[in-house]
Amino acid sequence: MSEDKPNTEFNLGGSVETALTGNYPLSPVSVLQEAWKITLSNFFRFLPAVIILLFSQLAIFFVVLQFQINDLTMIIDALQGQGELTDTITGAIWIANFSADVLSAPLYAGVSLMAMSHAAGLTCRPTQIWKGFQFAAVASITVMLTSSIQSGVNFIIPVLSLYLTMAFSMSILLVCEKKLSPMQAVFVSFKATNKKLVPLAGIYLTLFILFVISFMFFGIGLIVVMPFFFNVKGILYRNMFGIKLKISAKSDENSRVFNA
């Protein structure tokens with residue numbers, strides 16, 4: 001009986017060093033086109049995971065909001081201009097949104113890792129969203145850190161909060177895939193983004209427009225836009241920071257299935 005050969009690891013795409021120097025090609029059109037193809041080819045396997053994430057965030061948001069404000073019709077009336085949007089209501093919405101982001105961070109990490117695997121040409125199963133829970137602590141701390149910074153900046157210069165959303169967007173994958181600390185991941189993501197600010201801004205502006213259009217049609221378009229959004233991020237991460245892959249000497253049906 002022949003012995004199995006040892007596994008071989010290699011890096012696909014960029015690296016932390018190239019990301020921090022901006023020494024890599026980045027074409028917005030190519031990224032968006034590739035992401036669209038990946039979204040179509042993985043749509044039915046990926047959509048359930050995205051829906052789990054979305055509904056989990058909404059559930060946490062409304063539960064936390066309900067704990068703070070018993071009558072949610074007050075918020076609806078305020079948003080429709082039929083009531084006063086008090087500081088209490090504004091604060092409650094902020095706390096609910098912050099809680100939803102932090103508590104759903106493991107699921108967000110799972111979906112992000114699945115999208116990263118798509119960018120590496122691997123196949124995912126919907127249940128692999130739970131892979132994010134092995135990074136629950138660092139993912140939650142990272143989201144807590146980035147959300148706190150964005151919220152603080154939003155009170156001073158609201159427009160900058162949108163920029164920070166883009167600048168911190170790779171933090172989750174950096175703590176999960178590169179095993180950086182939350183603070184290191186935020187710094188590296190921020191610095192790397194600024195090295196390719198113009199093309200990245202073009203990509204995220206396109207995504208922002210797609211989200212706006214989706215909400216104009218009662219959110220139905222999110223069924224496609226959300227998976228597309230995560231796949232764009234997966235490709236960007238691969239191009240910027242690279243993905244470490246392992247080739248196993250064993251050849252089986254799971255050899256091209258993602259395993260975080």
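The structure we're discussing is the one just above.
Residues numbered from 1 in each chain as written. Predicted model: local features only at pLDDT ≥ 70, side-chain atom pairs only at ≥ 80, totals over all residues. Heavy atoms only, no water.

Draft legend 1. Representation of helix α8 (residues 158-167) within the structure. Along α8, the positions that sit buried rather than exposed are S161, L164, M166 and A167. Packing partners of the buried residues in α8 comprise α7 (136-156), α10 (182-195) and α11 (197-216). (Buried < 20%, exposed > 50% of the residue type's maximum accessible area, 1.4 Å probe, protein only. Helix = DSSP H or I, 4+ residues; strand = E, 2+ residues; numbered from the N terminus. Contact = heavy atoms within 4.5 Å.)

Draft legend 2. Main features of the pattern of salt bridges. On inspection of all chains with the given rule, the structure shows two salt bridges. Where E34 meets R238, a salt bridge forms, and the shortest distance between an N and an O atom there is 2.7 Å. Taken together, the residues E34 in helix α2 (residues 28-41) and R238 in helix α12 (residues 222-241) connect sequence positions 204 residues apart. Residue classification places E34 among the partly exposed residues on the basis of a relative accessible area of 27%. Of the charged contacts, one joins K178 and E177 as a salt bridge, the two residues approaching to 2.4 Å between their closest N and O atoms. We classify K178 as partly exposed; its relative accessible area is 23%. (Salt bridge = Lys/Arg side-chain N within 4 Å of Asp/Glu carboxyl O.)

Draft legend 3. Examining the packing of α2 against α11 more closely. Interaxial distance between α2 and α11 falls to 9 Å at its minimum, and their mutual angle equals 40°. With respect to α11, the element α2 is oriented oblique. Relative to α11, the crossing made by α2 is right-handed. Each of P28, V31 and L32 in α2 lies in contact with α11, whose residues at this interface are P199, I203 and T206. Taken together, the residues of the contact of α2 with α11 break down into five nonpolar, one polar and no charged. (Axes fitted to C-alpha atoms, helices over the stretch in contact; angles between N-to-C directions. Parallel < 35°, antiparallel > 145°, perpendicular 65-115°, else oblique. Left-handed = near helix turned anticlockwise from the far one by under 90°. Nonpolar A, V, L, I, M, F, W, Y, C, P; charged D, E, K, R; others polar.)

Draft legend 4. Representation of the environment of L40 in the model. Relative to the helices and strands, L40 is located in helix α2. A relative accessible area of 52% places L40 in the exposed class. Placed 187 residues apart in sequence, L40 and P227 show a C-alpha to C-alpha distance of 9.3 Å.

Draft legend 5. How the structure looks around the packing of aromatic side chains. Scanning the entire structure with this criterion turns up 11 aromatic pairs. Ring centres 6.1 Å apart and planes at 70° place the aromatic pair W36 and F228 in the edge-to-face group. Taken together, the residues W36 in helix α2 and F228 in helix α12 connect sequence positions 192 residues apart. Since its relative accessible area comes to 41%, W36 is described here as partly exposed. (Phe/Tyr/Trp six-rings, centres within 6.5 Å; stacked < 30°, edge-to-face > 60°.)

Draft legend 6. Region of interest: the environment of R238. For R238, a relative accessible area of 12% translates into the label buried. Between the alpha carbons of R238 and L12 there is a distance of 6.9 Å; along the sequence they are 226 residues apart. What R238 contacts, discounting residues up to four positions off in sequence, is L12, G13, G14, E34, A119 and I243. At 3.1 Å, the side chain of R238 forms a polar contact with the side chain of N239. (Polar contact = N/O pair within 3.5 Å; in protein donor to acceptor, adjacent residues only side chain to side chain.)

Draft legend 7. View of a nonpolar patch on the surface. A cluster of nonpolar side chains, namely L162, L205, F208, I209, V212, I213, M216 and F217, defines an oily patch on the protein surface of about 800 Å² accessible area. Tallying contributions element by element places α11 first for the nonpolar patch, with six residues. For I209, the position within the fold is in helix α11. What makes I209 partly exposed here is its relative accessible area of 42%. (Patch = residues over 30% accessible without salt bridge, like charges linked within 9 Å, V, L, I, M, F, W, Y side chains within 5 Å. Areas by Shrake-Rupley, 256 points an atom, 1.4 Å probe, with all protein chains shown as cover.)

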